[in-house]
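# Structural characterization, general
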Amino acid sequence: MDPLSVYLHVPFCSVKCPYCAFYSQRGTDDEKDAYVRSIEKELRWWDRQYGEKPLIHTLYVGGGTPTCLSVLQWQRLIESLVTHLERCLDTEISIEANPESLSVEHMALWKDWGVTRVSLGIQSLWDDELLWLKRHHTATRALWAVDQLLKYGFNVSGDLMFGLAGQSLKKWHHSLSGLVHSGVSHLSIYQLSIEEGSVWGKMPPSGLQNGYGHYRWSQWYLEEKGFSQYEIASFAKPGCECRHNQAYWFQKNVLPLGPSAWGYNDGVRFWNVRTLAEYVDRISQDKSAVEGKECLDLEKRGREFAVLALRTSQGIDISLFTQRFGDKLFNSILSDLQNVPEDCLLMNGTSLALSRKGMRVANAIWSLII
Ligand code: SF4
């Protein structure tokens, strides 16, 4: 069996951000303990299915807010992961963290365990913007977290958000350059998107900015500072790309753990039960947490592969694509893209990718393929 990627979802957030509809809850200490115990049982269940400990080449702990778990709960979680998963020599372990709940005790524990990268939900280096987003940290706290993580020797990634109400290009540049100079080796930048089902989904705030200029500026500025854009929202110093995300973009198999986690296995997408209560209940009965699955036919799989690969600067490897999905589908995708302006696409004999300009209008291009 090829090494797997594992996604572990931690379904707790201290407060719900008004734009987010991701499954998470505040969670009591008892609920968090029950969650940690259930993860151990879910891992055991998977070991039985595989007949051995699965070998993993990436593990991503996301959420929610993984730093909502206490150091003691993290200790138990790590024991379970160590017991039930087999690591390669160079397994990448990434953890998402929020500055307000991240402690040096978390960092020390993660370092001992072998965590390689920490992705910090910074969002902005302006306190007024953080307040507007209803985030619970300050710019000073975010920079403290980066500094401490770097001292522990982690690769640090920072998330930033553009398109906020009243966010001028100058303000955006302040956050961007502040993070670049903090010493992070990876940045993920996102346009604020208000999800259906979130608090703001019902009543969006006024004054949101069209983020086109902010994004375009970031593409230029980050390249100047030695961060190459390897995906639509991701910029990294050489060798600091996130391998776990690359596994998603190239349709590698992913094992999901925890409520609401999604997985993928050779053309079958599957997902765990959504809520913590259902999850704990199923696991306590020694049942699978998987609630549903979708088998993708070859065409759907190929089209998704194309869209995911076009997220990346590498783009679609034409010979790999045609071997897996056939010339006919590749030609059909090319014909879907025939009206896309030439300067949005980069096509040579071996690959098809989006240019920087193409990345700025990627949603419109993808919608032609799916
Ligand atoms: S944006 Fe992140 S921290 Fe905020 S509610 Fe959603 S998952 Fe939690």
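Scoring rules and cut-offs
Residues numbered from 1 in each chain as written. Predicted model: local features only at pLDDT ≥ 70, side-chain atom pairs only at ≥ 80, totals over all residues. Heavy atoms only, no water. Near = heavy atom within 4 Å. Nonpolar A, V, L, I, M, F, W, Y, C, P; charged D, E, K, R; others polar. Helix = DSSP H or I, 4+ residues; strand = E, 2+ residues; numbered from the N terminus. Buried < 20%, exposed > 50% of the residue type's maximum accessible area, 1.4 Å probe, protein only. Polar contact = N/O pair within 3.5 Å; in protein donor to acceptor, adjacent residues only side chain to side chain. Pairing = 2+ DSSP bridges. Core = buried A, V, L, I, M, F, W, Y, C linked by side-chain atoms within 4.5 Å. Contact = heavy atoms within 4.5 Å. Axes fitted to C-alpha atoms, helices over the stretch in contact; angles between N-to-C directions. Left-handed = near helix turned anticlockwise from the far one by under 90°. Domains from an automatic or database assignment. Buried area = accessible area lost by both parts, 1.4 Å probe. Right-handed = clockwise from strand over helix to strand, strands pointing away. Arc of directions from axis to C-beta.

It is worth spelling out the site of the ligand at this point. Surrounding the ligand, one finds Cys 13, Val 15, Lys 16, Cys 17, Tyr 19, Cys 20, Gly 64, Thr 65, Asn 98 and Arg 135. Partitioning the shell around the ligand into residue classes produces five nonpolar, three polar and two charged.

Quick look at the side chain of Ser 103 now. Along the chain, the position of Ser 103 falls in the loop between strand S3 (86-97) and helix H3 (104-113). Ser 103 gets classed as buried once you look at its relative accessible area, which sits at 18%. Within the local environment of Ser 103, its side chain forms a polar contact with the side chain of His 106, the two groups lying 3.0 Å apart.

Let us now look at the sheet that holds strand S13 (residues 316-317). Sheet strands pair by backbone hydrogen bonding; their relative direction is either parallel or antiparallel. Strand order in the open sheet made by the three strands is S13-S15-S14, with antiparallel pairing throughout. Each edge of the open sheet is held by one strand with a lone partner, namely S13 and strand S14 (345-347). In this structure, S13 lies alongside strand S15 (residues 351-354), joined through two bridges in antiparallel fashion. Across the sheet, Asp 317 pairs through a bridge with Ser 351, a residue of S15.

The next point concerns the pairing of strand S7 (residues 228-231). Bridge analysis of S7 against strand S8 (residues 234-236) gives three bridges, and the strand direction is antiparallel. The residue of S8 that forms the bridge with Glu 231 is Ser 234. Hairpin connection, S7 to S8: the antiparallel pair is bridged by two residues.

Tyr 35, Trp 74 and Trp 110 are the most contacted members of the largest nonpolar core, which totals 99 residues. If you tally residues by element for this core, the top one is helix H1 (residues 29-50), at six residues. Leave out the neighbours within four places in its chain, and Trp 74 touches Val 61, Pro 66, Leu 69, Ile 95, His 106, Leu 109, Trp 110 and Trp 113. Core analysis: the next-biggest nonpolar cluster, separate from the first, contains seven residues, Cys 17, Tyr 19, Met 161 and Leu 192 among them.

The description of two packed helices rests on the angle between their axes and on the distance between the axes. Viewed as axis vectors pointing N to C, helix H6 (residues 169-182) and helix H8 (residues 212-224) meet at an angle of 35°, and their least axial separation amounts to 10 Å. Crossing hand, H6 versus H8: right-handed. For the pair H6 and H8, contact is made by Leu 169, Trp 172, His 173, Leu 176, Ser 177, Val 180 and His 181 and by Gly 213, His 214, Trp 217, Ser 218, Tyr 221 and Leu 222, respectively. Here the residues of the contact of H6 with H8 sort into seven nonpolar, six polar and no charged.

To continue, consider the domain arrangement of the protein chain. Domain assignment breaks the protein chain into domain 1 (4-249) and domain 2 (298-369). The straight-line distance from the C-alpha centre of domain 1 to that of domain 2 is 28 Å. Counting from both sides, the interface comprises 12 residues of domain 1 and, opposite them, 11 residues of domain 2. Of the roughly 1,100 Å² buried between domain 1 and domain 2 on both sides combined, carbon and sulfur atoms contribute 56%.

Further remarks concern the pairing of strand S2 (residues 55-63). Where burial is concerned, most of S2 is hidden: seven out of the nine residues are buried. For strand S1 (residues 4-10) and S2, the ladder comprises seven bridges, and the chain directions are parallel. Bridge pairing in S2 places Leu 8 opposite Val 61. At this point the chain moves from S1, through H1, to the parallel S2, and the crossover so formed is right-handed. For S2 and S3, the ladder comprises six bridges, and the chain directions are parallel. Within S3, the residue paired with Ile 56 across the bridge is Arg 87. Taken together, S2, helix H2 (residues 71-84) and S3 constitute a β-α-β crossover, and its handedness is right-handed.

The next subject is H3. For H3, every residue scored as buried is listed here: His 106, Met 107, Leu 109, Trp 110 and Trp 113. Down the axis of H3, the sector holding all buried residues measures 165°, keeping them to one side.

So, about helix H12 (residues 318-325). Along H12, the residues classified as buried are Ile 318, Phe 321, Thr 322 and Phe 325. For H12, the angular spread of the buried residues around the axis is 95°, confining them to a single face. Looking at the buried residues of H12, the elements they touch are helix H11 (298-311), S13, helix H13 (327-336), S14 and S15. Immediately downstream of H12, the backbone of Gly 326 shows phi near 95°, a positive value.

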